[in-house]
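Report on the structure
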Amino acid sequence: MANPLAQFEIKPIAEIQIGDFDASFTNSSAFMVLTVAAVTLFLVLSMRRRAIVPGRWQSMAELSYEFVANMVRDNVGNEGRRYFPFIFSLFMFILFGNLIGLIPYAFTFTSHIIVTFAMAIVVFLGVTVIGFLRHGVHFLGFFVPKGVHPVMWILLIPIEVLSYLSRPVSLSIRLFANMMAGHTMLKVFAGFIIPLGILGGWAPLAMAVALSGFEFLVAFLQAYVFTVLACLYLNDAVHLH
Amino acid sequence: MSDEKPPLSLDELDARLRKAKAEQHQHEPDGPRGGASMSGFGMAFRIGTELVAALLVGVGFGLVLDGWLDTAPWFLVVFFFLGAGAGILNVYRAANRMGTAPRLIGDQTPDGDGKGPAEKG
Amino acid sequence: MRTLSRGSLIGLTLAVTAAGPALAAGLPQLDPNTFSPQLVWLAIAFVALYLIMAKVALPKVGEVLDERQRRIEDSLERATELEAEARAVAEAYEASLAEARSRAQDAIKAVRDAAAGEAAQRQADLGEKLAADVQAAESRIAGQRDEAFAGLRDMAVEVAREAAAKLVGQEADAAAAGRAVDAVLEERG
């Protein structure tokens, strides 16, 4: 049986070295580029006809637009409009990355902690910068609990700061762990199909098929959760409580 | 001589127009509606990681500070508990946003960020 | 059950991740050598996606959605206007119908009155004419009768003279005969 973790290996396609810095084009890079191309094609091709009464593809493109637009509006309000393109790109990038990764033999770049962490840290830093730009030093009041005796601040402010700092960590671990666990499980079950042969192979096959369906749900859900939390964090920064 | 009322379909049309307009105005933009409508699945996955992430950050801080100041294991111990507190706070807030958190004493609005119960950590 | 095994697997993943370098060899995700190429290409891909979405794709979708929204609102507005118009037309129709009805009744009454007047006039005219005719006829008849009476007297005078001549043998005086006849006529009325 093949090592179920082998699917996560990074394999260079073209070595690119900038000084000491490794910027090789790898299987991960290829699937990132593929994801960008897929999202772009999906939106550009389906909106090509700009029909007032949309066809199936155009409906899906509009649905994705309105889904994210509603998410931003519900969680951030009208001030969130400016960040809509970013949130939309984030959602589509993760969603398509997750979905394309479900294709057999495809690579899932969201199953790498460094990728999810980078995205989470961008959201985290962006939100923090927005918070300070909008509220200046008052944004620090975010860490001071209200209605509590100042003596407790010694304990509570570090907890609040840790809680704030844990945001990108939980954001990235959740996505990474879900994608990695799902793909590992799929691989494990798929690996049982051939050794068990015709007699016993159907059981892991059925399991793998059922899991694949479940993974579709998870692929969407994790993209949604990542984006919705980005919106909630943004809301905290925009509307300081 | 015809003596009928105005055709009934006009009233029907009126009702349908009213309905269509009401539907249109449902989508009017407004402020944030507070709690995110997240599915139970998503929340279940979310809560687990919130706790672990805060704990990881706490432990990481502790290890780094101990390494710098050569105080092992004191900062690790302190930040482990602070991280656990932050984790519980995270979980409480995540649950609060779902609207399923138990009402704690001195808690504010249901969609408030629940700063009050932080002393539990 | 699937969720349970999944949960434990996530837990395992987390444990492995947290365990750090000791297990790094087994997890391709924790090999630091792969970090820089992934980060570089993540940045390239995401920035490209963001630019395409923000500059090209999303404005297009937004335009179509706005256009549809506008059209729906326009149609609704137009439908409302048309409905009001239809109502106004229906009311005007009702009003003009009622007016036409009352006017028609007036006209009919007028015509009926006129006809009745004319009929009476004609009847009166006819009566007058008939009366005139009757009078004319009466006067003519009276004239003829007078004439007839006049002829009768002359004839009676002649007859009386001839009868006198035959009986008496002597021509009677015309004047005397006339007087006699007149006397008789007077007597008989």
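Look a little higher up for the structure.
Read on for an overview of the structure. All residue numbers here refer to positions counted from 1 along the written sequence of the relevant chain. Just so you know, chain letters begin at A and ligand numbers begin at 1, following the order they were written in. With the structure being a predicted model, the display of local features is reserved for residues of pLDDT at least 70 and the display and counting of side-chain atom pairs for 80 or more, all residues being used for whole-chain, interface and lining totals. Water and hydrogen atoms play no part in the side-chain values, which are based on all heavy atoms of the structure.

**As for the overall build of chain C**
Which entries qualify depends on this criterion: Numbering goes from the N terminus for both helices and strands, where a helix is a DSSP run of H or I of at least four residues and a strand is a run of E of at least two. Method for areas: the Shrake-Rupley scheme with a 1.4 Å probe, in which residue coverage is limited to the protein chains shown.
Helices and strands together make up the secondary structure of chain C, namely four helices and zero strands. For chain C, the succession of helices and strands along the chain, N to C, is α-α-α-α. For chain C, the accessible surface area stands at approximately 13200 Å², while carbon and sulfur atoms represent 61% of it.

**A few points about the overall build of chain B**
Which entries qualify depends on this criterion: For the exposure calls, accessible area comes from a 1.4 Å probe over protein chains only, and a residue counts as buried if that area is under 20% of its type's maximum, exposed if over 50%, partly exposed in between. Any two residues whose heavy atoms approach within 4.5 Å at even a single point are treated as in contact.
Helix and strand counts for chain B come out as three helices and zero strands. Reading chain B from its N terminus to its C terminus gives the helix and strand order α-α-α. In chain B, which comprises 121 residues, the share counted as buried stands at 34%. Restricting to contacts in chain B with at least 6 residues of sequence separation, those with at least 24 account for 41%.

**Some remarks on the nonpolar core**
All names here are of chain A. Stated formally: We define a nonpolar core as any set of buried Ala, Val, Leu, Ile, Met, Phe, Trp, Tyr and Cys residues linked to one another through side-chain atoms lying within 4.5 Å.
In terms of nonpolar packing, the biggest core is built from 69 residues, with Leu43, Phe93, Met119 and Phe226 touching the most fellow members. When residues in this core are grouped by element, the largest group, 13 residues, is from helix α6 (residues 202–238). In contact with phenylalanine 226, other than residues within four places in its own chain, are Leu90, Ile94, Thr116, Met119, Ala120, Val123, Leu171 and Leu175.

**Examining the interface of chain A and chain C**
Often, the extent of an interface is quoted as the loss of accessible area on bringing the components together. Under the convention used in this document: What makes a salt bridge here is a side-chain nitrogen of Lys or Arg within 4 Å of a carboxyl oxygen of Asp or Glu, nothing more. Here a polar contact is recorded for every N or O atom pair within 3.5 Å, except that within protein the pair must consist of a potential hydrogen donor and a potential acceptor, and residues adjacent in sequence are included only if both atoms are side-chain atoms. Each residue gets one of three labels, nonpolar for Ala, Val, Leu, Ile, Met, Phe, Trp, Tyr, Cys and Pro, charged for Asp, Glu, Lys and Arg, and polar for the others, Gly among them.
Contact with chain A, which involves 58 residues of that partner, is made by 41 residues of chain C. For the interface between chain A and chain C, the tally reads one salt bridge. C:Arg68 serves as the salt-bridge partner of A:Glu62, at 2.8 Å between the closest nitrogen and oxygen. Our count for the chain A to chain C interface comes out at six residue pairs in polar contact (both at pLDDT 80 or more). Put simply, the parts of the chain that give the side of chain A that touches chain C at least two residues each are β3 (21–22), β4 (25–26), α1 (27–46), α2 (56–76), α3 (84–101), α4 (113–135), α5 (153–200) and α6 of chain A. Among the residues making up the side of chain A that touches chain C, the classes are represented as 40 nonpolar, 12 polar and six charged.

**Some thoughts on the environment of C:Val61**
The topology assignment puts C:Val61 in helix α3 (residues 35–168). The residues contacting C:Val61, other than those within four sequence positions of it, are A:Leu43, A:Met47, A:Glu62 and A:Tyr65.

**Brief notes about the packing of α3(A) against α4(A)**
Residues and elements named next belong to chain A. Stated formally: What counts as an axis is a line fitted to C-alpha atoms, over the stretch in contact for a helix, and the angles between N-to-C directions run from 0 to 180 degrees. By the definition adopted for this analysis, an angle is roughly parallel if under 35 degrees, roughly antiparallel if over 145, roughly perpendicular if from 65 to 115, and oblique otherwise. Helix crossings get a hand from a simple test, with the near helix turned counterclockwise from the far one by less than a right angle marking a left-handed crossing and a clockwise turn marking a right-handed one.
Axis separation between α3 and α4 bottoms out at 13 Å; the angle between their running directions is 165 degrees. Taken together, the axes of α3 and α4 lie roughly antiparallel to each other. The element α3 and its partner α4 pack so that their crossing is left-handed. Between α3, through Phe86, Leu90, Phe93 and Ile94, and α4, the contact on the second element is made entirely by Met119, Val122 and Val123.

**Section: the layout of surface pockets**
All names here are of chain A. Test applied: With a 1 Å grid spanning the protein atoms alone, the term cavity applies to any set of points in which a 1.4 Å probe fits but cannot get out, the term pocket to an open set with protein on both sides within 12 Å along at least five of seven lines, and the term lining residue to any residue with an atom within 4 Å of a point. Grid points are joined across faces, edges and corners, and a volume is the space filled by probe spheres set on the points.
Here the second largest pocket defines a volume of roughly 680 Å³. Forming the walls of the second largest pocket are 24 residues, and the residues nearest its centre are Gln7, Pro104, Tyr105, Lys187 and Ala190. Per element, the largest residue contribution to the lining of the second largest pocket is six residues, and it comes from α5.

**Quick word on the side chain of C:Thr34**
Mapped onto the elements, C:Thr34 comes out in the loop between α2 (21–24) and α3. Those residues in contact with C:Thr34, other than ones at most four positions away along the chain, are A:Ile10 and C:Pro28.

**Some details on empty space enclosed by the protein**
Residues and elements named next belong to chain A. Counted under the stated rule, the structure contains three cavities of 30 Å³ or more. As a volume, the second largest cavity reaches approximately 40 Å³. Lining of the second largest cavity is provided by Gln7, Phe8, Ala106, Phe107, Thr108, Ser111 and His183.

**Brief notes about the pattern of salt bridges**
Residues and elements named next belong to chain C. Evaluation of the coordinates by the stated rule reveals 13 salt bridges over all chains. The shortest N-O distance in the salt bridge between arginine 70 and glutamate 67 comes to 3.6 Å. Here arginine 70 and its partner glutamate 67 are both found in helix α3, three residues apart, which amounts to about one turn of the helix. The class for arginine 70 is partly exposed, based on a relative accessible area of 47%. A salt bridge links arginine 103 to glutamate 99, with the nearest nitrogen and oxygen atoms 2.2 Å apart.

**As for the packing of aromatic side chains**
What characterises a pair of aromatic rings is the spacing of the ring centres plus the angle enclosed by the ring planes. Residue and element names in this part refer to chain A. Here is the rule: For Phe, Tyr and Trp, rings pair up if their centres lie within 6.5 Å, where Trp contributes its six-membered ring, and each pair is then called stacked (planes under 30 degrees apart), edge-to-face (over 60) or tilted (otherwise).
The tally for this structure, following the rule as stated, stands at 24 aromatic pairs over all chains. The interplanar angle of 70 degrees and the centroid separation of 5.1 Å between the aromatic rings of tyrosine 65 and phenylalanine 84 together place this pair among those described as edge-to-face. Residue tyrosine 65 is found in helix α2, and its partner phenylalanine 84 is found in helix α3; the two are separated by 19 residues along the sequence. Exposure class is identical for tyrosine 65 and phenylalanine 84. Each is buried. Seen from their ring centres, phenylalanine 142 and tyrosine 164 are 5.8 Å apart, and the 70 degrees between their planes marks the pair as edge-to-face. One end of the pair, phenylalanine 142, is in the loop between α4 and α5; the other, tyrosine 164, is in helix α5, with 22 residues separating them in the sequence.

**Section: α5(A)**
The criterion, for reference: Take the residue count of a helix, subtract one, and multiply by 1.5 Å to get its expected span. Throughout, bend refers to the angle between the axes fitted to the seven residues that end at a position and the seven residues that start at it.
The first and last C-alpha atoms of α5(A) sit only 62 Å apart over 48 residues, clearly below the 70 Å expected at 1.5 Å per residue. Of all the bends in α5(A), the greatest, near 65 degrees, is centred on A:Ile194, and the proline A:Pro195 appears no more than four residues after it.

**Brief notes about a nonpolar patch on the surface**
Rule in force here: Residues enter patches when their relative accessible area tops 30% and they take part in no salt bridge; the joining distance is 9 Å for like charges and 5 Å for the nonpolar side chains Val, Leu, Ile, Met, Phe, Trp and Tyr.
A contiguous nonpolar surface patch, about 410 Å² in accessible area, is contributed by C:Phe149, C:Leu152, C:Met155 and C:Val159. Relative to the elements of secondary structure, C:Phe149 occurs in helix α3.

**Describing the environment of C:Ser36**
Looking at the element boundaries, C:Ser36 is found in helix α3. By relative accessible area, which is 18% here, C:Ser36 ends up buried. Sequence-distant contacts of C:Ser36, that is, excluding residues within four places in its chain, are made with A:Phe21 and A:Asp22.

**With respect to the packing of α2(A) against α3(A)**
All names here are of chain A. Where α2 meets α3, the axes come as close as 10 Å, and the angle between the chain directions of the two elements is 120 degrees. Relative to α3, the element α2 is oriented oblique. Note that α2 runs across α3; the crossing there is right-handed. Facing Ser64, Tyr65, Phe67, Val68, Ala69 and Val72 of α2, the residues of α3 in contact are Phe84, Ile87, Phe88, Phe91 and Met92. Residues of the contact of α2 with α3, tallied by class, amount to 10 nonpolar, one polar and no charged.

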